Amino acid sequence: FAMIRFFSKAHSSKGAPLRHANKKLCDATPEPATTLQAWRSHKRTGPISGQELQHWAGRVIATEPESFVEEFIGHFAEMSLPDDVLRDGVSTLMDAAAKAGQPEIVEAVVEAAKEQLGVVVDQVRVHHSRLSAHAACGSERRVEELLRQEREQAVDGTNAVRSLAIVVRGYLKAGKTQGAISQLQEMVRLGHKIPSRAISELFAAAAKA
C-alpha cells in the first residue's frame, strides 16, 4: 500500500536555516520490521475487506506460519461480526493454509474457529482444504486416503470433479506432475470434462520441468 505524505511549503528568511529536513527525519514512521507487524499496522487503518484478508493471510503464512492461527483468529475474536462473515473469514484462512501446503494449520484453523469463535465450517469446505493442503505438500498417501473416504460417502461411489481438480492443482504446485496426470486420467475415466485451467497449469508445470 502507498503512503502519501503532505509537506508544507518551506519558508525561510535570509540567515534563518530551514528546519524541514531535520523535521522529516524526526517525523518519519519506521517501516514495519516483519510481515506480521505490517499486517497489524494495516488493520488499524480501518475495516478489512475479504480481498485484503486473503492478501495478508497469504503473506503472513508464507513468512510467519507459527503466528498465523493465533493472529487471525484473535483478530476475528476482537470484532463483533455476523456469523456468515466469520465463516467466510475462516474459509479464507483455511484456503491460505491449504495453498501454502500446511495441512496442520488447516486443522488448527478449524479447531480454533470452533472453540474461540463458535464457528463450525462446512465439512465439504474442510474436506477440500485438506485435499488441497496435502496435495500441495506432496503427501500422496494422505490424498489417496481422503479421496477414498469421499468415494465411500458418495452416492455414486466416485470422486467429485472439483475434488480431483483441487488435487491436480496441489500436485502441480508440489512438482508431482505424474500424480496430477493420474488424477486428470481419472476425470476422463469418470466422464468429467477436464477444466481448462487444469490443462493450462499442467502445461505450465511441464514447461518449468
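Whatever comes next refers back to the structure up there.
Keep in mind the model is a prediction, meaning the values are calculated, not measured. Sequence order sets the numbering: in each chain, residues are counted from 1 along the sequence as written. Where local features are concerned, this predicted model is filtered to residues with pLDDT of at least 70; where side-chain atom pairs are given and counted, the filter is 80 or more; whole-chain, interface and lining totals use all residues. Side-chain metrics rest on all non-hydrogen atoms present in the structure, leaving aside hydrogens and water.

Peer 1: Can you walk me through the overall build of the chain in this structure?
Peer 2: Put simply, DSSP marks the helices as runs of H or I at least four residues long and the strands as runs of E at least two long, and each gets a number from the N terminus on. Per the secondary structure count, the chain includes eleven helices and zero strands. Going residue by residue from the N terminus, the α and β elements of the chain occur as α-α-α-α-α-α-α-α-α-α-α. Counting the 209 residues in the chain, one finds 35% classified as buried. Across the chain, the fraction of contacts at a sequence separation of at least 24, relative to all contacts at a separation of at least 6, is 58%. On the chain, roughly 13,200 Å² of surface is accessible, and the fraction owed to carbon and sulfur atoms is 52%. For every residue, the accessible area (1.4 Å probe, protein chains only) is compared with the maximum for its type, and the residue is labelled buried under 20%, exposed over 50%, or partly exposed between those bounds. What makes two residues a contact is simply this: any of their non-hydrogen atoms within 4.5 Å. Surface exposure here means Shrake-Rupley accessible area, sampled with a 1.4 Å probe, where a residue is shielded only by the protein chains that are shown.

Peer 1: Would you take a moment to explain helix α10 (residues 177-189) for this structure?
Peer 2: Owing to its 3.6 residues per turn, the α-helix aligns residues three or four sequence positions apart on the same side. A helix's residues, less one, multiplied by 1.5 Å, set its expected span. Taking 1.5 Å of rise per residue, the 13 residues of α10 would be expected to cover 18 Å, and the 18 Å separating its terminal C-alpha atoms lies within 8% of that figure. Of the positions making up α10, those classed as buried are G179, A180, Q183, L184 and M187. Down the axis of α10, the sector holding all buried residues measures 140 degrees, keeping them to one side. Exposed residues on α10 whose side chains face more than 90 degrees from its buried face are Q178, Q185, V188 and R189. Phi turns positive one or two residues past the end of α10, at G191, with a value near 85 degrees. The arc in question is the one traced by the directions running from the helix axis out to the C-beta atoms.

Peer 1: Would you mind going over the side chain of N159 with me for this structure?
Peer 2: Locating N159 in the fold gives a position in the loop between α8 (140-153) and α9 (161-174). A relative accessible area of 3% means that N159 is categorised as buried. Polar contacts, as counted here, are pairs of nitrogen or oxygen atoms within 3.5 Å of one another; within protein the pair requires one atom able to donate a hydrogen and one able to accept it, and residues that are adjacent in sequence qualify only if both atoms are side-chain atoms. Looking at N159, its side chain comes within polar contact range of the main-chain oxygen of L147, at 2.9 Å. Polar side-chain contacts of N159 include one of 2.9 Å to the side chain of R151. Among residues more than four places away in sequence, those in contact with N159 are L147, E150, R151, L164, L190 and H192.

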